[in-house]
Amino acid sequence: MAVLRVKFTKTKRDKLAQILWILNWVSVVSGIILFSLGLFLKIEIKKRNEVMAKGDINSVPNMLISVGVIACIINFLGGKICYDCSDANKFSRWKLVMLPYIICTFCFTFCILVGALMCYTMRNELEESLYLGLRDAIKFYKDTDIPGRCFLKKTVDLLQIGFRCCGNNGFRDWFEIQWVSPRYLNMASKEVLDRLKSNVDGKFLVDGVPFSCCNPSSPRPCIQYQLTNNSAHYNYDFLTEELNIWMKGCREALLDYYTGIMRVIGIAALLIWLFELSVLTGVRYLQTAMKNVLLLGDLEGESDGWLLENGFVETAKYNINVIKNLGKANQISTVSSMNNPNIDVQNTDCGKTNVTTKSIPAAR
């Protein structure tokens, strides 16, 4: 029994073909939107690739870009097919193409769904990439004279100012590394030498942060150094002084930023997937209705259209049997070729064929 059988008149078939022609052109626009969203996400990731570790975080934008390009091509072809399907004579040249087109389009719409779901599943990969990238960027913050790292100080400062964050996980990350360049340390100072000798690695560690961690909205001048020493500053308590520097870590700030972008892109991709699926459903109805018209021979009469000619279970069993029979056919053809006595048999006539033998005359 056919699934979701619908009866179409000549007028309904023509209207369906016209509507699908318009919707396919709308789908071309949706493909452009997918391409643009993927390109936007790729650019946003590339802007801050200095603070991201190398990984598969570009898989989502690349997926969206590819799907967007394919959507434009497939829907452009679909618009041409639906436009010709309003005429039964023109449909005959697309008759053999429409079913493979519908199958390919179904697989393509599944790729859109996968791309939408990937927008919600890449958070863990992005978090790990940001953690490792920010850790290295903060570690090399002081290397302003080393080629390849001299730009990291500016990158981190602009990042902390723009996203109102400090450090990787928080401002205390700056306490664990030497972020002041050795060229700005007075090696003749006893305080500097004592700090260098105070740890095994010989680093100049201070309970301070760069200026970019300062909150310009703070009612008092920014306190960058001796953040944990209450006696070093007047009327100061580092446990309650949250307005002085940014408390949020840059990893969390960037993760929230990219998560918001991917959430919007994921919703847009899901809506486009639903739209593409509805268009594909209409194309399937049009294909079956026009096919039945040609079988009936009455181009002006009514015809049935459906999604599946048989039920879901019967269709699944039929396709499974087709796949099994294809495998068995290949095995049988191989075995029969091996057992065929007429194959690879040497000819004892040395290439001579149709040779007539002369008869010996009988003695009289």
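Residue indices follow the written sequence of each chain, beginning from 1 at its first position. Local features are withheld for residues below a pLDDT of 70 in this predicted model, meaning they are given only at 70 or higher, and side-chain atom pairs are given and counted only at 80 or more; totals for whole chains, interfaces and linings count all residues. Only hydrogens and water are removed before side-chain values are computed, so all heavy atoms of the structure are retained for them.

- Looking up the protein in an unreviewed UniProt entry gives the name RDS2 protein, with the organism given as Ptilorrhoa leucosticta.
- UniProt positions are given in the numbering used here, feature names are shortened, and annotations may be inferred rather than shown by experiment. As recorded by UniProt, the Sequence similarities (unreviewed entry) comment attached to the protein reads in full: "Belongs to the PRPH2/ROM1 family."
- Quoted straight from UniProt, the Subcellular location (unreviewed entry) entry for the protein says "Membrane".

## Some thoughts on the state of the cysteines
Point 1. A pair of cysteine sulfur atoms is labelled a disulfide when the two atoms are within 2.5 Å. Across all of its chains, the model carries 3 disulfides by this definition.
Point 2. Through a disulfide, cysteine 166 is tied to cysteine 213; the S-S separation comes to 2.1 Å. Handedness here is read from the sign of the S-S torsion; for cysteine 166 and cysteine 213, about 85°, the answer is right-handed. On the criterion of sequence distance, the pair formed by cysteine 166 in the loop between α6 (152–163) and α7 (190–197) and cysteine 213 in the loop between α7 and α8 (250–296) is long-range, its members being 47 residues apart. We note that cysteine 166, like cysteine 213, is buried.
Point 3. What pairs with cysteine 214 in a disulfide is cysteine 222, and their sulfur atoms sit 1.8 Å apart. The chirality of the disulfide connecting cysteine 214 with cysteine 222 is left-handed, given an S-S dihedral of about -75°.
Point 4. Note on exposure labels: buried denotes an accessible area under 20% of the residue type's maximum, exposed denotes more than 50%, and partly exposed covers the range between, all computed with a 1.4 Å probe on protein chains only. The class of cysteine 222 is partly exposed, set by a relative accessible area of 32%. In DSSP terms, a helix is any run of H or I states spanning at least four residues, a strand is any run of E spanning at least two, and both are numbered starting from the N terminus.

## Here's the deal with the environment of leucine 23
Point 1. On the secondary structure map, leucine 23 appears in helix α1 (residues 10–47).
Point 2. Taking the C-alpha atoms as reference, leucine 23 lies 6.8 Å from valine 279; in sequence the two are 256 residues apart.

## Examining unusual backbone geometry
Point 1. The phi torsion at glutamine 226 lies on the positive side, around 55°, for a residue other than glycine.
Point 2. Turning to its location among the elements, glutamine 226 is positioned in the loop between α7 and α8.
Point 3. Of the residues examined, glutamine 226 reaches a relative accessible area of 33% and is grouped as partly exposed.
Point 4. Positive phi is not limited to glycine here, since asparagine 235 has a value of about 55°.
Point 5. Mapped onto the elements of the fold, asparagine 235 is located in the loop between α7 and α8.

## Here we look at the UniProt feature "transmembrane region" (unreviewed entry) in the protein
Point 1. Per the UniProt annotation, the sites labelled "transmembrane region" (unreviewed entry) are residues 20–40, 60–78, 98–120 and 255–275.
Point 2. Between the C-alpha atoms that bound residues 255–275 there is a distance of 30 Å. The span itself is 100% helix and 0% strand.

## Structural notes on the side chain of serine 212
Point 1. Within the element layout of this structure, serine 212 appears in the loop between α7 and α8.
Point 2. According to the relative accessible area criterion, serine 212 is buried, its value standing at 1%.
Point 3. Polar contact criterion, stated in full: a pair of N or O atoms within 3.5 Å, where within protein one must be able to donate a hydrogen and the other to accept it, and residues adjacent in sequence count only if both atoms are side-chain atoms. A polar contact of 2.5 Å, which involves the side chain of serine 212, links it to the side chain of glutamine 160.

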